[in-house]
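Observations on chain architecture
Take a look at the letters that make up each chain.
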Amino acid sequence: MREVVIAGVGLHKMGRFEGKPYVDMACEAIQMALKDANMAWKEVQAAYCSRMYLPPTTGARVCAAMGLIGIPVWDVESACASGGSALRSGFQSIAGEFYDTALVFGVEKMPRGFMSPENIYDKWQCYIGLSVNPMYFALEARTHMDKYGSTPEHFARVSVKNHKNGSYNPYAMYQKACTMEDIMKSPLVCDPIHLLELCAPNEGAAAVILTTRQVAEKHDAQPVTICTSVVKTPLYPAPMIPPAFQTSAKIESPPLTTLAARQAYEEAAVGPEDLDLVELQDVAASSEIIYTEELGLCPLGEATRLLDEGVTEIGGRLPINASGGLLSNGEPIGASGLRQVVEMDWQLRGQAGLRQVAGAKTGLGHVVGAGPSCGVVILKR
Amino acid sequence: MKDGVESAEPARKAIPVQEGLFTMPSSPGGKGHLIGTRCRSCEETFFGRLSVCGHCQSQDLEEIRLSDRGKIFNYTVLRYPPPAPWKGRSEPYEPMAVGFVELPEGVRVLSLITDCNVEKLENQMEVDLVIRKYFEDEEGNEVYTYMFRPSSGQ
């Protein structure tokens, strides 16, 4: 396998953009990435589009608007892990020498209000109400509380941290810090999760240009290496991730995130101790605590200690979700995983402005989605 | 009947919300049960009818009847009504408890937890199976689902 680098990145702000077509949003992110890579559109040889709520052939429609250049275009979908799956598709196409330059982009415009549960759950689950995503996050949070003594205050503190980080991110949907009181007094959605501890469905777009080091250097770009990009589905038994409605009380397997992370560390020859920053799936504030442990960033049960000691803040030893995470950016599903990659690329190149993690050289990105599947990417500058 | 044409309207029926998960009560006041599948090869047990063992991939499976009594493994309370097409009552909405119920066969089943004070539930609480009508569909059929309720009552 040959080395794969990111030659350029682009991002459309996360939020709500009434009346703005998704094609325009995606094209803005792609143009920005091409400019960053000092490349022309016609140098792209293949494209992978991550999306969930947009229509079939979204990728081909966006690429047609960029200009018809005859390239193959694939839509890639794996719910909240779609960005990780699309990145992996682009990564293997360059590593496997099918193409020298590929575009991976994500775009989403989600309906307002509750996400339609019928995309994820069987009809019967929807009819009786076992179709509420935060219910699963809450069940996992309560298991963590029972096992390790984490508290609702710990989860609220994650939300305070990520909203503070988001206040430094001009691309975030919410750029406003919150207090503990704001969070604990926001409505309880599913015990112990409050409204301000859940990410919002929204809109956005992100794009990355993947190529070889030689091509990137020829274009005078600032390459960031993709050490590896991993996608995993679970081993038996099913984890408590939608749409599972049963699991085993007799057999245990490592959590899905742990399976993906272990493979990524091995393939990248990078360990958790080598990481300078992490962008992970804080779909709920409690999820950050759980995934911090499942990614092996600390022993099980100790993520709350990392949080208490400020380790995961910007300026700490291992900042988590310096971008503000999903809690500040929202989760435009197709764009979200690639937004993390764009953020880390900026961080590793020292271009993250007020939220810059000083001297960051190695970063890890993580997405988990219904199905379920999980993506982990490790980047290095 | 209209214009002398025989009504072809089918009789209203009591039907399960999903085939293969539970049996219907055979008579009023009768009890149904949860359908389980046991793998003869690895002895893992599942909720519902399966054709392949999710653990060892064997197809040597037998249908069993799962226990009517289990324990709450974990639970939460939905403080807002679930999104459409949920068929429960939203006005007024009463917060619903949901959780994984652990059965003696070694399977945890996600379920509504009913007939309880949601503020007084606890992990490890004993709960019993209930199979009851949840809603009426567009054809007027009574649609049943499985649920669990605390054994002791509250």
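Our subject is the structure listed above.
Everything quoted here is computed from the prediction, not taken from an experiment.

Points about unusual backbone geometry
It is generally the case that most residues other than glycine have a negative phi and that most peptide bonds are trans. For the bond running from A:Gly371 to A:Pro372, omega is -5 degrees, close enough to zero to count as cis. For the peptide bond that leads from B:Ala84 to B:Pro85, omega is 5 degrees, which places it in the cis range. By the secondary structure assignment, B:Pro85 is in the loop between β5 (69–78) and β6 (96–103). Positive phi is not limited to glycine here, since A:Asn38 has a value of about 55 degrees. Positionally, A:Asn38 belongs in the loop between α1 (22–36) and β2 (46–50). For A:Asn38, a relative accessible area of 42% translates into the label partly exposed.

What about the interface of chain A and chain B?
Between chain A and chain B, the residue contacts involve 33 residues of the former and 44 residues of the latter. Together chain A and chain B conceal approximately 3400 Å² of surface at their shared face, both sides included; 65% is due to carbon and sulfur atoms. For the pair chain A and chain B, the interface holds 2 salt bridges. Here chain A is connected to chain B by 16 residue pairs in polar contact (both at pLDDT 80 or more). The element best represented in the side of chain A that touches chain B is helix α5 (residues 133–148) of chain A, accounting for 7 residues.

Some details on the state of the cysteines
Residues and elements named next belong to chain A. For the structure shown, the criterion picks out 0 disulfides over all chains. For the unlinked cysteine Cys27, the closest cysteine sulfur is that of Cys63, found at 8.0 Å. A disulfide-free cysteine, Cys49 has its sulfur positioned 7.6 Å from the sulfur of Cys63, the nearest such atom. By relative accessible area, which is 0% here, Cys49 ends up buried.

Examining the sheet that holds strand β3 (residues 45–47) of chain B
The pairing of strands in a sheet happens through backbone hydrogen bonds and is either parallel or antiparallel. Residue and element names in this part refer to chain B. In spatial order, the strands read β3-β2-β4; together these 3 strands make up an open sheet with antiparallel pairing. What marks the edges here is a single partner per strand, and that holds for β3 and β4 (61–65). Taken over all neighbouring pairs, the strand axes of this sheet differ in orientation by 30 degrees on average, direction set aside. In this structure, strand β2 (residues 35–39) lies alongside β4, joined through 5 bridges in antiparallel fashion. Following the sheet pairing, Cys39 is matched in β4 by Leu61.

Observations concerning the packing of aromatic side chains
Counted by the stated rule, this structure contains 12 aromatic pairs over all chains. Measuring from centroid to centroid gives 5.2 Å for A:Tyr171 and A:Trp346, while their planes differ by 35 degrees, and the two rings are tilted. Residue A:Tyr171 is found in the loop between α6 (152–166) and α7 (180–184), and its partner A:Trp346 is found in helix α13 (residues 333–348); the two are separated by 175 residues along the sequence. Judged by centre distance (5.9 Å) and plane angle (65 degrees), the rings of A:Tyr236 and B:Phe46 are edge-to-face. Of the two residues, A:Tyr236 sits in the loop between β8 (224–232) and β9 (246–248) while B:Phe46 sits in strand β3, which places them in two different chains. There is no split in this pair, since A:Tyr236 and B:Phe46 are both buried. Taken together, the ring pairs connect A:Trp124, A:Phe245, B:Phe22, B:Phe47 and B:Tyr146 into an aromatic cluster. Lying over the aromatic face of B:Tyr75, A:Arg142 brings its terminal NZ or CZ to 4.4 Å of the ring centre.

Criteria and thresholds
- Residues numbered from 1 in each chain as written.
- Chains lettered and ligands numbered in written order.
- Predicted model: local features only at pLDDT ≥ 70, side-chain atom pairs only at ≥ 80, totals over all residues.
- Heavy atoms only, no water.
- Helix = DSSP H or I, 4+ residues; strand = E, 2+ residues; numbered from the N terminus.
- Buried < 20%, exposed > 50% of the residue type's maximum accessible area, 1.4 Å probe, protein only.
- Contact = heavy atoms within 4.5 Å.
- Buried area = accessible area lost by both parts, 1.4 Å probe.
- Salt bridge = Lys/Arg side-chain N within 4 Å of Asp/Glu carboxyl O.
- Polar contact = N/O pair within 3.5 Å; in protein donor to acceptor, adjacent residues only side chain to side chain.
- Disulfide = S-S within 2.5 Å.
- Pairing = 2+ DSSP bridges.
- Axes fitted to C-alpha atoms, helices over the stretch in contact; angles between N-to-C directions.
- Phe/Tyr/Trp six-rings, centres within 6.5 Å; stacked < 30°, edge-to-face > 60°.
- Lys NZ or Arg CZ within 6 Å of the ring centre and 35° of its normal.

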